[in-house]
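Geometric and topological summary
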Amino acid sequence: MSVISNYLNKYKNDVNFKKKFTLMALGVFFMGFFLSFLINVSLGTDPCTFMNVTISERLHILFGTWQLLLNAVLIVIVIIFSRDQIGPGTIANMVFIGYIADFFRWVWSKTIPEYVFTTWPYRGVVFALALIAFVIAASFYMNADMGVAPYDAMPVIISEKLLKKIPFKFIRMGFDGSIVLIGILFGGRVEIATILMVFLLGPTITTVGGFINRRILGFNN
């Protein structure tokens, strides 16, 4: 009970709670929304999505369902080793992003002609716009300071508990690279954008998030 009380007090005493919660909720919604476009154009996604989409298709279940099941396992590890990373955003991420993406993929199947996702130059335009928007949405989510996704907590745990002398950016790249390899082993086809995201997505989100915090949101917590 004391652990729960500490969490409640943490957010209760945060004068920016409503602002951060709104920012987190918007980030989660739009991450799922734009992820639906990235999955449909099949030009690459972030490593976690690449693996989860591949495995969910192999198991013939919804992407959101598999992502929730995986996160349910990962969050146990996070609770044991790094529970301070858990917050409202952790639950929102693990429960909603996958199902939001699934829902809008269903909507697009009923409303948007298939050639938009399969034919150039439409495919390239959709990918570029969706990727930029996804990164911005992820920056909102990650910089709201409302907890991180279980997936994102794992490299932090590895860095703090196992590989303390190795710079975190290399641990994150290695972790993402391992996730891509798992996706390949399950039959996934790697597009160039997925490889690029292993090296570029994290730094880009950090840069965009820093700009949003300083220039738009006006808080650094």
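Before reading on, note that the structure itself is shown above.
Here is a short report on the structure shown in this document. Remember, it's a predicted structure, so these values are computed and weren't measured experimentally.

1. Looking at the overall build of the protein chain
- Tallying secondary structure elements over the protein chain gives ten helices and zero strands in all.
- Written out in order from the N terminus, the α and β elements of the protein chain read α-α-α-α-α-α-α-α-α-α.
- Expressed as a percentage of the 221 residues in the protein chain, the buried residues total 48%.
- About 12,000 Å² of surface is accessible on the protein chain, with carbon and sulfur atoms providing 69% of the total.

2. Notes on the packing of aromatic side chains
- For the structure on display, the rule yields 16 aromatic pairs.
- Considering the side-chain rings of Phe-29 and Phe-30, the 5.0 Å spacing of their centres and the 85 degrees angle between planes classify their relative orientation as edge-to-face.
- Classification of Phe-29 by relative accessible area gives partly exposed; the value is 34%.
- Taking relative accessible area as the criterion, Phe-30 reaches 32% and is therefore assigned partly exposed.
- A network of ring pairs unites the aromatic residues Phe-29, Phe-30, Phe-33, Phe-34, Phe-37, Phe-103, Phe-104, Trp-106, Trp-108 and Phe-117 as a single cluster.

3. Focus on helix 2 (residues 17-41)
- Between its terminal C-alpha atoms helix 2 stretches 36 Å, which fits the 36 Å expected from 25 residues at 1.5 Å a residue.
- In the segment just after helix 2, Ser-42 is the residue with positive phi, at about 55 degrees.

4. Describing the packing of helix 4 (residues 63-81) against helix 5 (residues 88-111)
- One can describe the packing of helix 4 onto helix 5 by two numbers: an axis separation of 7 Å at closest approach and a directional angle of 165 degrees. With respect to helix 5, the element helix 4 is oriented roughly antiparallel. Note on packing geometry: the crossing formed by helix 4 with helix 5 is right-handed. Contacts between helix 4 and helix 5 involve Phe-63, Gly-64, Thr-65, Gln-67, Leu-68, Asn-71, Ala-72 and Ile-75 from the former and Thr-90, Ile-91, Met-94, Val-95, Ile-97, Gly-98, Tyr-99, Ala-101 and Asp-102 from the latter.
- Per-class residue counts for the contact of helix 4 with helix 5 are ten nonpolar, six polar and one charged.

5. A few points about the environment of Val-126
- When you line up the elements, Val-126 lands in helix 7 (residues 122-142).
- Taking the relative accessible area as the measure of exposure, Val-126 reaches 16% and is therefore buried.
- When the C-alpha atoms of Val-126 and Val-116 are compared, they prove to be 7.9 Å apart, with ten residues separating the residues in sequence.
- With residues near it in sequence (within four places) discarded, Val-126 still touches Phe-37, Val-41, Val-116 and Phe-117.

6. A look at the pattern of salt bridges
- Within the structure shown, the criterion is met by two salt bridges.
- One salt bridge in this structure joins Arg-172 and Asp-152, with 2.9 Å as the shortest N-O distance. Of this pair, Arg-172 sits in helix 9 (residues 168-185) while Asp-152 sits in helix 8 (residues 150-161), and the two are 20 residues apart along the sequence.
- On the accessibility criterion, Asp-152 (16% relative accessible area) is buried.
- With its nearest N and O atoms 3.1 Å apart, the salt bridge here joins Asp-176 to Arg-172.

Rules used in this analysis
- Residues numbered from 1 in each chain as written.
- Predicted model: local features only at pLDDT ≥ 70, side-chain atom pairs only at ≥ 80, totals over all residues.
- Heavy atoms only, no water.
- Helix = DSSP H or I, 4+ residues; strand = E, 2+ residues; numbered from the N terminus.
- Buried < 20%, exposed > 50% of the residue type's maximum accessible area, 1.4 Å probe, protein only.
- Areas by Shrake-Rupley, 256 points an atom, 1.4 Å probe, with all protein chains shown as cover.
- Phe/Tyr/Trp six-rings, centres within 6.5 Å; stacked < 30°, edge-to-face > 60°.
- Expected span 1.5 Å × (residues − 1).
- Axes fitted to C-alpha atoms, helices over the stretch in contact; angles between N-to-C directions.
- Parallel < 35°, antiparallel > 145°, perpendicular 65-115°, else oblique.
- Left-handed = near helix turned anticlockwise from the far one by under 90°.
- Contact = heavy atoms within 4.5 Å.
- Nonpolar A, V, L, I, M, F, W, Y, C, P; charged D, E, K, R; others polar.
- Salt bridge = Lys/Arg side-chain N within 4 Å of Asp/Glu carboxyl O.

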